[in-house]
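Examining the three-dimensional arrangement
Below, each chain spelled out in residue letters.
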Amino acid sequence: MKGTVVSEVLTKYDNSKDRLVQILLDLQEESGQNYIPREWLEEVSQKLDTPLTKVYDVATFYAMYNLDPKGRYVIEVCKSAPCRSRKAETLAQSLEKLLSIKMGETTADGLFTLQHTSCFGACDISPAIKIGEKVYGNLNEDKLAEIIRAYREGQK
Amino acid sequence: MAKMVRLISKYCGNVRPDSVEDYVKAGGYAALKKAMGMGPLDIIEEVKKSKLMGRGGAAYPTGIKWEQAYSITKNPKYIVCNGDEGEPGTYKDRLMLGQNPLQLIEGMTIAARVLDAREGYIYIRGEYKAIQETVKKAIENAVKAGYLGDNILGTQFSFHLEVVSGAGAYVCGENTALVESIEGKAGRPRIKPPFIKNAGLYLKPTLLNNVETFSCIPYIIDNGGDNFASYGNEHSGGTKLVSLSGNVENRDVYEVPFGITLRELVYEIGGGIPEGRTLKMVQLGGSSGACFPEAVLDTQLCYKDLKSKGISLGSGAVLVLDDSNCIVDFVKCIMEFFVHESCGKCTPCREGNRHILMLVEKFADGTATKADFEKMKRICDTMKYGAFCGLGQTATTALITCLKYFKEEFEEHIEGKCRAGVCSLNGKEAK
Ligand SMILES: Cc1cc2nc3c(=O)[nH]c(=O)nc-3n(C[C@H](O)[C@H](O)[C@H](O)COP(=O)(O)O)c2cc1C
Ligand code: SF4
Ligand code: FES
C-alpha cells in the first residue's frame, strides 16, 4: 500500500528529526499550493515524535514556508536595496495592476500570489522577480506583461 | 598592477560544473593529490602564508582558524561550508557554486584531510535550488571518480559531503545559527562561547568557512601560499570576488587583486554610472556594510586601508547609488530588511530595528524633528553593544554612516524637501 504524502517524504529522509527543514520544504512542494497544511504538520510531529510546537517553530521561522494556501505561481518581487536602486517599486506596482491584486494577495482563479521577498542573489539583473524557481531580471512593464501572459497561456 | 586576475574563478565558464572529467583536464584535483602527500601542518602553513582571510564577511585569518581546529583533539570533527549568501547585493558564491563547485569540494576535502574529518555539509540558501542540484551532481560524480567518499584516491582516507538547503533566513548565515539549521531547527544564534570550533554541529568541533574561502584552497596548495599572497598587498593576500550592483554600467562578479582602489572598481571595471547621472553613494559589504560618498573612493580594496576609514569589506558586495536615489529612502529600505530578518531572540535587535524604522519613516514622511537624530543614535548604540549576534550589531551600520556623510539630506526632510523627489513627504502636507 502506498503511504501518505508525509510518510513518503519522511522515508526519503530516514525519518530523521535533523532533516526537518528539508522535510518541510519537500512537503510544501508536494502540496501544489505552495503551503504546508496543518494536518501535515501534525502528522510530522507524531511520526517524528517531536512536539507540535517544535514543528511549528521551524515552520514559522523560515520565510520560504507558508501555512496558508498560495497561488499556483508565487511571484516574489525583491525589495532589497540593489533592486530598489533600479526602481523595483515600479515593478511591484505594475504587477498589482496586471493581476488586479495587492501585494500579499492571491488572484481569484488561484493562479498567482504576489509578495515581496528579500534579495535572492540576482542583483546583477535587478530589478528582479522570482516565479517559483525561475528568476527574471532587467524587467520593465512590457517584459512583465509578456511573462504574465505566458504563464496564463501555459494554463490553457 | 592588473585590474583583474583569475586565480580562483579561472575555470568558471570553461568547465561543465558537474564534470569531474572537465575539471581534472583543466588542472583540477592536482592540489588534492599534492595535499595527500603533505603533512597537515605543512598544509596549514601554506594557508597561513597565503594571508587568506575568511571571505564570508568577518575576515578571520583562515590559516589561524585551521590551526586552531587542528589543535582541538576531540573527535569527530565536521567541515561545513557557508553558502547562505544572504547579504543583499552579494552573488559571488552563486558563481562558484553554480559554475565550478568541484573547486569548493576539493577545498573542503583538503580541509577534511587536515582535520581527519569524515563528514561535511554544504549549506546553500533555499533560493538557489537549481544550484543545489548542480552541487549534488558534482558531489556524486566526484564520489564515482574516487575523489570523494570512501577510500579517496585509493587511500584509507574517506570524506562524505552532503548538500543542505536553507529556507529563507538571512540570520542562518551566522555560523551558530547555520549549524542549528543543519540540525533541523529554527536558525537562532547560540550563545558564544562555546565557539563552533569547539562545539558546533551536533556540539562537535566544526570548521566552517565561506564558499569563496574554500574555493581559494586548491590554488594555494597548487601554487604555494606565497604565490597567492603576492597578488594582493602587504596586508591582504590574494584576490577577492566582488559583486557589483545598483546604478553601475557593468554589473557582474569580478575577481580583483587586493590593492586596487574603489574608484578603479566602480569606474574602470564597473564602467561608471549609466545615463549621465552622478554617483551619490557606495555601500560596501551588503546591507550590513558602511556607506560613503565619492570622496572615499580612493581607498584601496584592502582590509587595513578600509579599516582605517571605518569600513569593512564584508562579503565584497559593492552597491552603487546614483543621484536619483534618496538617502532617507535607502536607509528605510535597509531597515525594513533588518526588521524582516531579525530572528527576534534578543530585545535590542527585535525592538531596536522596528523603532529605528519608525523614526526613519518620520523623515520620509516629513514629520521628523531634530530630536529624532538623538533618539536614533541612542538606539544605534544600544544595538551595537547590546545585540546578541552580528545581525543586530551591524544592522545600523548603514544608518550611522549615512548620518556621518549625508546628514544634510535627513535635515532637508525635516524641512519638507526630498532632493531626489522619491519620498512622498505626505505627513508634512497633511499637517
Ligand atoms: C547575520 C550574519 C549573516 C551572515 N551571513 C553569511 C553568509 O551568508 N555567508 C557567509 O559565508 N558568512 C556569513 N556570515 C559570517 C559567518 O558567520 C562566518 O563568519 C563565516 O561564514 C566564516 O567563514 P569565513 O571565515 O570563510 O569567512 C554572516 C554573519 C552574520 C552575523
Ligand atoms: S541580534 Fe537579532 S538576529 Fe541576532 S540573536 Fe538578536 S534578534 Fe536574533
Ligand atoms: S537585491 Fe534584488 S536580487 Fe539582490
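In the block above lies the structure referred to throughout.
Residues numbered from 1 in each chain as written. Chains lettered and ligands numbered in written order. Predicted model: local features only at pLDDT ≥ 70, side-chain atom pairs only at ≥ 80, totals over all residues. Heavy atoms only, no water.

1. Digging into the interface of chain B and chain A
- Listed by partner, the interface residues are 47 residues for chain B and 35 residues for chain A.
- Roughly 3,200 Å² of surface becomes buried between chain B and chain A when both sides are summed, with 48% attributable to carbon and sulfur atoms.
- The interface formed by chain B and chain A contains 6 salt bridges.
- Where Asp57(A) meets Arg188(B), a salt bridge forms, and the shortest distance between an N and an O atom there is 2.6 Å.
- Applying the counting rule to chain B against chain A returns 24 residue pairs in polar contact (both at pLDDT 80 or more).
- Listed by contribution, the elements that provide at least two residues to the side of chain B that touches chain A are β3 (160-165), α8 (175-182), β5 (239-246), β9 (317-322) and α14 (327-341) of chain B. (Contact = heavy atoms within 4.5 Å. Buried area = accessible area lost by both parts, 1.4 Å probe. Salt bridge = Lys/Arg side-chain N within 4 Å of Asp/Glu carboxyl O. Polar contact = N/O pair within 3.5 Å; in protein donor to acceptor, adjacent residues only side chain to side chain. Helix = DSSP H or I, 4+ residues; strand = E, 2+ residues; numbered from the N terminus.)

2. Concerning the sheet that holds β3(B)
All names here are of chain B.
- As summarised here, the arrangement of the 4 strands in space is β3-β2-β1-β4, forming an open sheet in which the pairing is parallel. Since the sheet does not close on itself, it has two edges, and those belong to β3 and β4 (206-210), each with one partner. Direction aside, the axes of adjacent strands within the sheet are offset by 20° on average.
- The pairing of strand β2 (residues 119-124) with β3 spans 6 bridges and is classified as parallel. Of the residues in β3, the one forming a bridge with Tyr 121 is Glu 162.
- Each of β2 and β3 touches helix α7 (residues 129-144); the most contacted strand, β3, lies at about 170° to it. (Pairing = 2+ DSSP bridges. Axes fitted to C-alpha atoms, helices over the stretch in contact; angles between N-to-C directions.)

3. With respect to the site of ligand 1
Residue and element names in this part refer to chain B.
- The immediate surroundings of ligand 1 are formed by 19 residues, with Gly 56, Lys 65, Asn 209, Asn 210 and Thr 213 found nearest.
- Lys 65 places a side-chain nitrogen or oxygen 3.0 Å from an oxygen atom of ligand 1.
- A distance of 3.2 Å is found between a nitrogen atom of ligand 1 and a backbone nitrogen or oxygen belonging to Gly 173.
- In the complex, the protein chains occlude 88% of the 610 Å² of accessible area that ligand 1 would expose alone.
- Sorting elements by how many residues they give to the shell around ligand 1 places β4 first, with 3 residues.
- For the shell around ligand 1, the residue count by class is 4 nonpolar, 10 polar and 5 charged. (Near = heavy atom within 4 Å. Areas by Shrake-Rupley, 256 points an atom, 1.4 Å probe, with all protein chains shown as cover. Nonpolar A, V, L, I, M, F, W, Y, C, P; charged D, E, K, R; others polar.)

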